[in-house]
Amino acid sequence: MSNYILKYSRDERVKYISHLDFVRLFHRTVRRTGINFMFSQGFNPHPIMTVAQPLSVGVTSDCEYMKVGFDGDYNEQELTDTINKAFPPGYKILAVKKVEGREIDLTKLDRAVYTVELEYEGDSNVNLILEKNELKIMKKSKSGIKESDIRPYIYSVEKISDENSILTLKMCIAIGSVYNLKPQSVIDAMDKYCDDFKAGFMKVHRSLMTCGDVEFL
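In this report, the structure presented in the accompanying data block is examined. Here the structure is a predicted model, which means the values were calculated and not measured.

Here the structure, examined in full by the defined rule, presents 10 salt bridges. Taking the shortest distance from any N to any O, the salt bridge between Arg24 and Asp21 comes out at 2.7 Å. One end of the pair, Arg24, and the other, Asp21, are both in helix H1 (residues 19-33), 3 residues apart, so they sit about a helical turn from each other. On the basis of relative accessibility, which here comes to 44%, the residue Arg24 falls in the partly exposed class. Asp21 sits in the partly exposed class, given a relative accessible area of 38%.

With that out of the way, let us pick up the layout of surface pockets. Counted as a void, the largest pocket has a volume near 420 Å³. Along its surface, the largest pocket is lined by 16 residues, and Lys139, Lys140, Ser141, Lys142 and Asn180 are the ones closest to its centre. Going through the elements one at a time, strand E6 (136-141), strand E7 (144-149) and helix H4 (183-193) are the ones with two or more residues in the lining of the largest pocket. In terms of residue count, the dominant contributor to the lining of the largest pocket is E6 (5 residues). The residue inventory of the lining of the largest pocket, partitioned by class, reads 3 nonpolar, 6 polar and 7 charged. Within this model, the second largest pocket holds a volume of roughly 360 Å³. Lining the second largest pocket are 20 residues, with Ser56, Val57, Val59, Lys182 and Pro183 sitting closest to its centre. Listed by contribution, the elements that provide at least two residues to the lining of the second largest pocket are H4 and strand E10 (198-210).

The full count for this structure, using the stated rule, is 0 disulfides. Of all cysteine sulfurs, the one in Cys172 lies closest to Cys211, which takes part in no disulfide; the gap is 12 Å. For Cys211, a relative accessible area of 26% gives the class partly exposed.

Time to look at empty space enclosed by the protein. In this approach a probe as big as a water molecule rolls over the atoms, and the regions it shows empty are the leftover space. If you walk through the whole model with that rule in mind, you get 1 cavity of 30 Å³ or more. In this structure, the largest cavity encloses a volume near 90 Å³. Sorting the residues of the lining of the largest cavity by element identifies strand E1 (2-10) and H1 as the ones contributing at least two each. Residue composition of the lining of the largest cavity, grouped by class: 6 nonpolar, 1 polar and 2 charged.

Our focus in this paragraph is the pairing of strand E5 (residues 111-121). The pairing of E5 with strand E9 (residues 166-174) spans 9 bridges and is classified as antiparallel. Across the sheet, the residue bridging to Val116 is Leu169, located in E9. Examined bridge by bridge, E5 and E10 share 10 bridges and lie antiparallel to one another. Bridge assignment links Ala112 to a residue of E10, and that residue is Met209.

A word on the pairing of E10. The sheet contact formed by strand E3 (residues 59-70) and E10 spans 3 bridges and is parallel. Bridge assignment links Thr60 to a residue of E10, and that residue is His205.

Here we take up the environment of Val23. By the secondary structure assignment, Val23 is in helix H1. Taking the C-alpha atoms as reference points, Val23 and Thr50, 27 residues apart in sequence, are found 9.3 Å from one another.

Quick notes on the rules
Residues numbered from 1 in each chain as written. Predicted model: local features only at pLDDT ≥ 70, side-chain atom pairs only at ≥ 80, totals over all residues. Heavy atoms only, no water. Salt bridge = Lys/Arg side-chain N within 4 Å of Asp/Glu carboxyl O. Helix = DSSP H or I, 4+ residues; strand = E, 2+ residues; numbered from the N terminus. Buried < 20%, exposed > 50% of the residue type's maximum accessible area, 1.4 Å probe, protein only. 1 Å grid on protein atoms, 1.4 Å probe; cavity = no way out; pocket = protein on both sides within 12 Å on 5 of 7 lines; lining within 4 Å. Points joined across faces, edges and corners; volume = space filled by probe spheres on them. Nonpolar A, V, L, I, M, F, W, Y, C, P; charged D, E, K, R; others polar. Disulfide = S-S within 2.5 Å. Pairing = 2+ DSSP bridges.

In structure tokens form, the structure reads like this:
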């Protein structure tokens, strides 16, 4: 029995598949390969699998992580190739690493880099929010919707391009159990604090997840 960290991508073709549907999809994918999962104990055993920081519906990524237990000892490249052959189009395993214990702890991932492309009207000066000491917006949490200061959890926002009312931003923001910030919240802050700024339809891509500045795979 062995544990593996899998890094994988999700592209435009499957970005509207929910987290729970992805988990079911991955279970079926592994069954098609003939590889056996490790299962939990108890009255309702299920495959041992943990996804780090599940993606929101509609977001693409090439830096997702999961930890999976398999009943057997597999070569990392063999495991990559075998799962990719069974994966439906839109998902791809990018890297695999066999781990012992908690040498890679997915719960320590605490920041992510996103590229956000959006239609907008008004002033797109992102420095207006970066210069603020606090950015209070209404944010949904487990206890309901309440006002939250998101400024401490925005590490950087950079304007990549601004043409024909299409704004492209690169932002590094907090993720994880301590505080999980979504790109939509940063755009909500721009709506509130940037003069006359009004955001429209947007596309979001997650390109990097790290623990501090360290990338796991």
